[in-house]
Amino acid sequence: MKNSESPVSIRNLSVAYHRKPVLREIDYDAPEGELIGIIGPNGAGKSTLIKAVLGLLPRASGDVYIYGKSYREQRHLVGYVPQRESVDWDFPTHALDVVLMGRYGKLGWFKRPGAKDREFAMSCLQKVGMEAFAMRQISQLSGGQQQRVFLARALAQDAHIYFMDEPFVGVDAATEKAIIQVLTELKDKGKTVLVVHHDLQTVQEYFDSVLLLNMRLIASGSTKETFTTENLQKTYGGRLTILPDSQELLLTR
């Protein structure tokens, strides 16, 4: 989807919990058709940023635009993968049913998914290697399998913009490889994907650009130009150590 407007424009966004500021005056324009890493320490407001953009949390101030219009007008263009820990996995439903939930944005809540929707949902499960588990209860799946199902649900939304909150946390190496392969395919189709990510070692390998966050926007831009030692020190402070004679990054608690 080519548009003169940025896929996601954030203007003067601030969020507070119980009057305590969590995000302060964020201004950001997401580049179209890129994998974008949202990087920062614990408590920096990374998940809060996504939820505020999606209207899942109230904003103290600021506006968000999806291709120049409000999120409410453009929500059908947006897919979302929440943190796996925030989901009730004991809910009695099959993997295929979870993926079909992603079709309701296209259908409307009062129209039931048809044969074509089920076929499309199965193709999404196939893309993440989970078609054999379509009729498996989600509570019986491993953590990595559950994450793949949620990724398939996002694919079923057939969105233009995807927000993913720590999709690589708690998954095995095979699942991480499968997820990044799907994200790369989305980018190759011109989709814009914003990912909350915590593993600094893989940032340069995975992402075209980054948004460095610690309550405020520290820096944003192409990974090559922005993911620098100087910017990381500003973002993480004393919790970041660069090992001598290497580019390895260590975070201390």
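What you are looking at is a predicted structure, and each value in this text was computed from that prediction instead of being measured.

Criteria and cut-off values
- Residues numbered from 1 in each chain as written.
- Predicted model: local features only at pLDDT ≥ 70, side-chain atom pairs only at ≥ 80, totals over all residues.
- Heavy atoms only, no water.
- Helix = DSSP H or I, 4+ residues; strand = E, 2+ residues; numbered from the N terminus.
- Contact = heavy atoms within 4.5 Å.
- Areas by Shrake-Rupley, 256 points an atom, 1.4 Å probe, with all protein chains shown as cover.
- Core = buried A, V, L, I, M, F, W, Y, C linked by side-chain atoms within 4.5 Å.
- Buried < 20%, exposed > 50% of the residue type's maximum accessible area, 1.4 Å probe, protein only.
- Pairing = 2+ DSSP bridges.
- Axes fitted to C-alpha atoms, helices over the stretch in contact; angles between N-to-C directions.
- 1 Å grid on protein atoms, 1.4 Å probe; cavity = no way out; pocket = protein on both sides within 12 Å on 5 of 7 lines; lining within 4 Å.
- Points joined across faces, edges and corners; volume = space filled by probe spheres on them.
- Nonpolar A, V, L, I, M, F, W, Y, C, P; charged D, E, K, R; others polar.

Engineer: Would you mind showing me how to read the overall build of the protein here?
Structural biologist: Summing up its helical and strand segments, the protein has 10 helices and 12 strands in all. Once local pairs closer than 6 in sequence are excluded, the contacts in the protein between residues at least 24 apart make up 66%. Accessible surface, the protein: about 12,800 Å² in total, of which carbon and sulfur atoms supply 48%.

Engineer: Would you take a moment to explain the nonpolar core for this structure?
Structural biologist: The tendency in soluble globular proteins is for nonpolar side chains to be buried as a group. By size, the foremost hydrophobic cluster in this structure holds 44 residues, and its most contacted members are V99, L125, V149, M164, L183, L186 and V193. For this core, the leading source of residues is helix α6 (residues 143-156), giving 7 residues. Aside from chain neighbours lying at most four places away, what touches V193 is E34, L35, I36, Y162, M164, L183 and L186. Counting 28 residues, the second-largest nonpolar core is a separate cluster that includes I26, A30, I66 and L194.

Engineer: In this structure, what is going on with the pairing of strand β1 (residues 9-17)? I would like to understand it.
Structural biologist: The side chains of a regular strand alternate, residue by residue, between the two faces of the sheet. With 6 bridges connecting them, β1 and strand β2 (residues 20-29) associate as antiparallel partners. Residue pairing across strands places I10 opposite Y28, the latter belonging to β2. The hairpin formed by β1 and β2 contains 2 residues between the paired strands, and H18 there has a positive phi angle of roughly 50°.

Engineer: Explain the sheet that holds strand β4 (residues 61-66) to me, please; I cannot follow it from the model alone.
Structural biologist: By definition, the strands of a sheet pair up through backbone hydrogen bonds, in either a parallel or an antiparallel sense. Across the sheet, which stays open at both edges, the 4 strands sit in the order β2-β1-β4-β5 with antiparallel pairing between neighbours. Two strands in the sheet have a free side with no partner beyond their single neighbour: β2 and β5 (69-70). Pairing between β4 and β5: 2 bridges, direction antiparallel. Bridged to Y65 within β5 is S70. Along the sheet, helix α1 (residues 46-53) makes contact with β1, β2 and β4, crossing β1 at roughly 115°.

Engineer: I tried to follow empty space enclosed by the protein on my own but got confused; where do I start?
Structural biologist: The method is simple in principle: a probe with the dimensions of a water molecule rolls over the atoms, and the space it marks as empty is what remains. In the structure shown here, the tally under the stated rule is 1 cavity of 30 Å³ or more. Looking at the largest cavity, the residues that line it are V8, I10, Y28, I38, L49, V53, F163, L194 and L211. Classifying every residue of the lining of the largest cavity gives 9 nonpolar, no polar and no charged.

Engineer: How should I be thinking about the side chain of T226 in this particular structure?
Structural biologist: Looking at the element boundaries, T226 is found in helix α9 (residues 223-226). The residues contacting T226, other than those within four sequence positions of it, are V210, L212, A219, S220, G221 and N231.

Engineer: Could you clarify how one ought to interpret unusual backbone geometry in this entry?
Structural biologist: Residues other than glycine predominantly adopt negative phi, and peptide bonds predominantly adopt the trans conformation. Despite not being glycine, H18 has its phi angle at roughly 50°, a positive value. Of note, H18 is situated in the loop between β1 and β2. Given the relative accessible area of 81%, H18 is considered exposed. One non-glycine residue, E166, adopts positive backbone phi at about 55°. Residue classification places E166 among the buried positions, given a relative accessible area of 18%.

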